[in-house]
Amino acid sequence: MSYKSILVNLDIDGPAEPVVKAASELAQRSGARLIGFCAADAYLPVTGPEGVALAAEVMQQMREDDERRFKELRTEFERLVAGAVETRWRQAAEGPTYALVQMARTADLIVTQARRGATTGDRARAADPGSVVLQAGRPLLVVGAGTEQRVGRKVVVAWKDTKEARRAVFDAVPLLQDADDVVVATVASTIDQWAREGIADVVSFLARHGVAARNETVESHRESESLVELIDRHDADLVVSGAYGHSRLREWAFGGVTRSLLDEIRLNRFMSN
């Protein structure tokens, strides 16, 4: 089991090197094709009736600037990969989130970067990772800030017995098979026998796929905070989790593990829904 096609998303206004290097290294390990992708949308400036012509001119200039930036990013993408794997390049002059979700049909895995955590700022310029993981039907690897080493040496699987977590564990198997250390961890206010049996089953499932994992449980009412503390304690460079087991609106209003992990921009985060 391996990834055969990896889609790497580049923000038009962001640095390409960290996310391309991480995706390229993963593609080399998997023998996968690497598809470089960038999308951005020009928007009509708000103006009065007398400024319509000027606004249209500004919008056209933005599109021309974006086309030049697409060419620059493609050149940088190809330079960074340097022929190490088979590559393709795609671009789109439309909303980045929508365009990336549509491009997900070409790949087994999406790799992106979220410099602002759970929020993206300008939706015309950067894809929203939360929306992508909900809509793409593919796992999403969000590369952390300052990533320099191989992604997935030490991995924490944030386990909760939900459909989303089960999907994430299965989708992450190729990464887990290459890991040096894998911990399957459950953080909950109460750790009962049912929880212990569940986490043991996950470890057993992974063993059948050639992954030597161990389990750990933490009893805590501070689920998100305690999970991040556990990740730091194990010096993990990747966390695997389901995404939005609760509704996204609830997480926006009250907080939740998915939002907390997306906000931890220093971490590499692998998510499925």
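Our structure is the block above this text.
Structural notes, computed from the coordinates. (Residues numbered from 1 in each chain as written. Predicted model: local features only at pLDDT ≥ 70, side-chain atom pairs only at ≥ 80, totals over all residues. Heavy atoms only, no water.)

Along its length, the protein carries 10 helices and 10 strands. Taken across its 273 residues, the protein has 51% of its residues classed as buried. Per element, the accessible surface of the protein, about 12800 Å² overall, is 48% carbon and sulfur. (Helix = DSSP H or I, 4+ residues; strand = E, 2+ residues; numbered from the N terminus. Buried < 20%, exposed > 50% of the residue type's maximum accessible area, 1.4 Å probe, protein only. Areas by Shrake-Rupley, 256 points an atom, 1.4 Å probe, with all protein chains shown as cover.)

Attention now moves to the packing of aromatic side chains. The tally for this structure, following the rule as stated, stands at one aromatic pair. Ring geometry for Phe77 and Trp89: centres 5.7 Å apart, planes at 45°, overall tilted. Taken together, the residues Phe77 in helix α2 (residues 52-81) and Trp89 in strand β3 (residues 87-92) connect sequence positions 12 residues apart. Of the residues examined, Phe77 reaches a relative accessible area of 0% and is grouped as buried. (Phe/Tyr/Trp six-rings, centres within 6.5 Å; stacked < 30°, edge-to-face > 60°.)

Moving on, we get to the side chain of Asn268. Here Asn268 shows up in the loop between α10 (257-263) and β10 (269-272). When its relative accessible area of 6% is taken as the criterion, Asn268 is described as buried. Here the side chain of Asn268 touches Asp237 through a polar contact of 2.8 Å, landing on its backbone oxygen. In contact with Asn268, not counting residues within four places along its chain, are Val142, Val143, Gly144, Thr147, Val151, Asp237, Leu238 and Val239. (Polar contact = N/O pair within 3.5 Å; in protein donor to acceptor, adjacent residues only side chain to side chain. Contact = heavy atoms within 4.5 Å.)

A few words on the pairing of strand β7 (residues 181-188). Burial analysis of β7 places six of its eight residues in the buried class, which makes it a mostly covered element. Sheet topology note: the strand β6 (residues 154-158)/β7 ladder contains five bridges and is parallel. Of the residues in β7, the one forming a bridge with Val155 is Val182. In this structure, β7 lies alongside strand β8 (residues 213-219), joined through seven bridges in parallel fashion. Opposite Val187, over in β8, you have Val218 as the bridge partner. Taken together, β7, helix α7 (residues 193-208) and β8 form a β-α-β motif whose crossover is right-handed. (Pairing = 2+ DSSP bridges. Right-handed = clockwise from strand over helix to strand, strands pointing away.)

Further remarks concern the sheet that holds strand β1 (residues 5-9). Read across the open sheet, the 10 strands follow the order β3-β2-β1-β4-β5-β10-β9-β6-β7-β8; overall the sheet is mixed. Lying at the two open borders of the sheet, with one neighbouring strand each, are β3 and β8. Going across the sheet, the axis of each strand differs from the next one's by a mean of 20°, ignoring polarity. Here three bridges tie strand β5 (residues 140-143) to β10, and the two strands are oriented antiparallel to one another. If you follow Val142 over to β10, its bridge partner there is Arg269. Against the sheet, helix α3 (residues 96-103) engages β1, β2 (33-39), β3 and β4 (109-113), with an angle of about 155° to β2. (Axes fitted to C-alpha atoms, helices over the stretch in contact; angles between N-to-C directions.)

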